[in-house]
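# Reading the structure
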Amino acid sequence: MRIRSIVKRTTLIVRDMAASVRWYEHVLGMSVWLDTEYVLSGEGIAAGSPGDRTHLVIMKAEHDKIGMIGLLQWLDPPLPAPEIDWSVGYGTPVFVVETDDAAELARRAEELGARIKTRERHFTVTGAGGQIRHLKGTVVYDPDGHIFECNQVLRIEQPPNSERSSA
């Protein structure tokens, strides 16, 4: 029997909830889906201790079930924040976002003082079905150093040997 799964949400630990919510709303166009405080039991998450008070905000994009991002901040006691490591390596997630305006997304990130790795680049990728996708992309970091590769689809070409191209 095959196990069926979908990834609904990724939860990120943040230093400043207000700054993070502002970034996800202004830069990625997400909205607040849930905003609540939790007292940890010590069993559900691999951080913190029983009795820690946390603040969880779940940000929603376009889909009602997948692609959500949870933002989690320790309130009491506060979780000490390490220096941000701007490098990419093992254990570093890279979030890939499809956007309808990569240039505007980069402008908005810059407006909030976000670090930008790549302002704008044009490139092509070949999809699993052989389609050639022409993209415009930007790579930005959220306030806590999480990396977002944000791509805008400019056009899609069918592979030369596809049924569609012979019609």
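Residues numbered from 1 in each chain as written. Predicted model: local features only at pLDDT ≥ 70, side-chain atom pairs only at ≥ 80, totals over all residues. Heavy atoms only, no water.

Moving on to the nonpolar core. Ranked by size, the top nonpolar core spans 20 residues in total, and within it Trp23, Tyr24, Leu28, Leu71 and Phe148 carry the most contacts. When residues of this core are assigned to their parent elements, the largest contribution, four residues, is made by helix α1 (residues 17–26). In this structure, Phe148 is in contact with Trp23, Tyr24, Leu28, Ile69, Phe95, Val97, Thr138, Val139, Val140 and Asp142, ignoring residues within four places of it in sequence. (Core = buried A, V, L, I, M, F, W, Y, C linked by side-chain atoms within 4.5 Å. Buried < 20%, exposed > 50% of the residue type's maximum accessible area, 1.4 Å probe, protein only. Helix = DSSP H or I, 4+ residues; strand = E, 2+ residues; numbered from the N terminus. Contact = heavy atoms within 4.5 Å.)

So, on to the confidence of the model for the chain. Here the chain averages 92 in pLDDT, and 96% of its residues register 70 or above. Here helix α3 (residues 163–166) stands out as the least confident element of the chain, with mean pLDDT 49; α1 is the most confident, with 98. (pLDDT = per-residue confidence, 0-100.)

In this section: the packing of aromatic side chains. Each aromatic ring pair is described using two quantities: the centre-to-centre distance and the angle formed by the ring planes. Going through the model one piece at a time under the given rule, you end up with five aromatic pairs. Here the aromatic rings of Trp86 and Tyr141 are separated by 5.0 Å at their centres, their planes lie at 85°, and the arrangement is edge-to-face. Within this pair, whereas Trp86 is found in the loop between β4 (68–76) and β5 (94–98), its partner Tyr141 is found in strand β7 (residues 132–141), the two being separated by 55 residues in sequence. Of the aromatic side chains, those joined through ring pairs into one cluster are Trp23, Tyr24, Phe95 and Phe148. Positioned above the aromatic ring of Tyr141, the side-chain terminus of Arg115 is 6.0 Å from the ring centre. The ring of Phe123 carries Arg121 above its face, with NZ or CZ at 3.6 Å from the centroid. (Phe/Tyr/Trp six-rings, centres within 6.5 Å; stacked < 30°, edge-to-face > 60°. Lys NZ or Arg CZ within 6 Å of the ring centre and 35° of its normal.)

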